[in-house]
Amino acid sequence: QVQLEESGGGLVQPGGSLRLSCVVSGGTFSGYAQAWFRQAPGKEREFVAAIDATWSSGATYYADSVKGRFTISRDNARKMGYLQMTSLKPEDTAVYYCAAKWGPHKGTSEYNIWGQGTQVTVSS
């Protein structure tokens, strides 16, 4: 089973960009679907984006709220996952979590491996 650790969070102005990274250790990363979730203060954790296991389809999936602004990607050789975030809005402020599950992406509720999260704050 893989372990996950996020980095790259911080404070950014509205309209700015950030790239989050997810370092993967252990396991065969290419066999896992990988996703990003976020949780804002006082709100439930919500799905942001996912990328399918490479041997499945490698397809990407996005929440409507981030479609066209965020891009998820992966580098299996380096065992890294990424979330490129552009045109950031104050409502994107949250703790962002890297998540993974063995096998293909079949929905947002099946992710069972989690990092500890990285804070993203969008404010002027």
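Keep in mind the model is a prediction, meaning the values are calculated, not measured. Think of each chain on its own: its residues are numbered from 1, step by step along the sequence as written. Whole-chain, interface and lining totals are the exception, using all residues; otherwise, since this is a predicted model, local features are given only for residues with pLDDT of at least 70 and side-chain atom pairs are given and counted only at 80 or more. Values reported for side chains reflect all heavy atoms of the structure, with hydrogen atoms and water molecules removed beforehand.

(A) Expanded view of the pairing of strand β3 (residues 18–25). Strand pairing is defined by DSSP finding a minimum of two bridges between the two strands. In DSSP terms, a helix is any run of H or I states spanning at least four residues, a strand is any run of E spanning at least two, and both are numbered starting from the N terminus. Bridging between strand β1 (residues 3–7) and β3 involves five bridges; their strand directions are antiparallel. By the bridge assignment for β3, Leu4 is matched with Val24. Of the strand pairs in this sheet, β3 and strand β8 (residues 80–85) are connected by six bridges, and their pairing is antiparallel. Across the sheet, Cys22 pairs through a bridge with Gly81, a residue of β8.

(B) Geometry of the pattern of salt bridges. In the sections that follow, a salt bridge refers to a side-chain nitrogen of Lys or Arg positioned within 4 Å of a carboxyl oxygen of Asp or Glu. Evaluation of the coordinates by the stated rule reveals six salt bridges. Salt-bridge contacts for Asp92 lead to Arg38; the nearest nitrogen and oxygen are separated by 2.9 Å. In this pair, Asp92 sits in the loop between β8 and β9 (94–102) while Arg38 sits in strand β4 (residues 32–39), placing the two residues 54 residues apart along the sequence. Partly exposed describes any residue whose relative accessible area lies between the buried limit of under 20% and the exposed limit of over 50%, with all areas from a 1.4 Å probe on protein chains only and scaled to the type maximum. Asp92 sits in the buried class, given a relative accessible area of 1%. The buried category is assigned to Arg38, whose relative accessible area is 6%. Residue Lys67 is joined to Asp64 by a salt bridge in which the shortest nitrogen-to-oxygen separation is 3.2 Å. Taken together, the shared-partner salt bridges connect Arg38, Glu46, Arg69 and Asp92 into one network.

(C) View of the sheet that holds β3. Spatially, four strands are ordered β1-β3-β8-β7 in an open sheet, and the strand pairing comes out antiparallel. Edge positions in the open sheet fall to β1 and β7 (70–75), since each of these has one partner strand only. With strand direction ignored, the average angle separating the axes of adjacent strands in the sheet is 15°. Interaxial angles span 0 to 180 degrees and are taken between N-to-C directions of axes, which are lines fitted to C-alpha atoms, for helices over the stretch in contact.

(D) Here's a closer look at the nonpolar core. Put simply, a nonpolar core is a bunch of buried Ala, Val, Leu, Ile, Met, Phe, Trp, Tyr and Cys residues held in one set by side-chain atoms that sit within 4.5 Å of each other. Ranked by size, the top nonpolar core spans 35 residues in total, and within it Leu4, Trp36, Val48, Phe70, Leu83, Met85 and Tyr96 carry the most contacts. Discounting chain neighbours no more than four positions away, the residues touching Leu4 are Cys22, Val23, Val24, Cys98, Ala99, Ala100, Ile113, Trp114 and Gly115. Working rule for contacts: check all heavy atoms of both residues, and any pair within 4.5 Å makes them a contact.

(E) The packing of aromatic side chains, seen in detail. What counts as a ring pair is set by centres within 6.5 Å for rings of Phe, Tyr and Trp (its six-membered ring), and what kind of pair is set by the plane angle: stacked under 30 degrees, edge-to-face over 60, tilted for all other angles. As enumerated under the stated definition, the model contains four aromatic pairs in all. Measuring from centroid to centroid gives 5.7 Å for Phe37 and Phe47, while their planes differ by 75°, and the two rings are edge-to-face. Here Phe47 lies in strand β5 (residues 46–51) and Phe37 lies in strand β4, a separation of 10 residues in the sequence. The exposure class of Phe37 is buried, given its relative accessible area of 5%. The buried category is assigned to Phe47, whose relative accessible area is 17%. Each ring, one from Phe37 and one from Tyr111, has its centre 5.8 Å from the other, and the planes form 65°; the classification is edge-to-face.

(F) How the structure looks around the state of the cysteines. Cysteine sulfur atoms that come within 2.5 Å of each other are treated as a disulfide pair. Tallied over the entire structure, the rule returns one disulfide. The disulfide partner of Cys22 is Cys98, and the S-S distance across this bridge is 2.0 Å. Taking the sign of the S-S torsion, about -75° here, the bridge from Cys22 to Cys98 comes out left-handed. With Cys22 in strand β3 and Cys98 in strand β9, this pair connects stretches of sequence that are 76 residues apart. Considered together, Cys22 and Cys98 belong to a single accessibility category, that of buried residues.

By themselves, these observations are geometric and do not establish any function.
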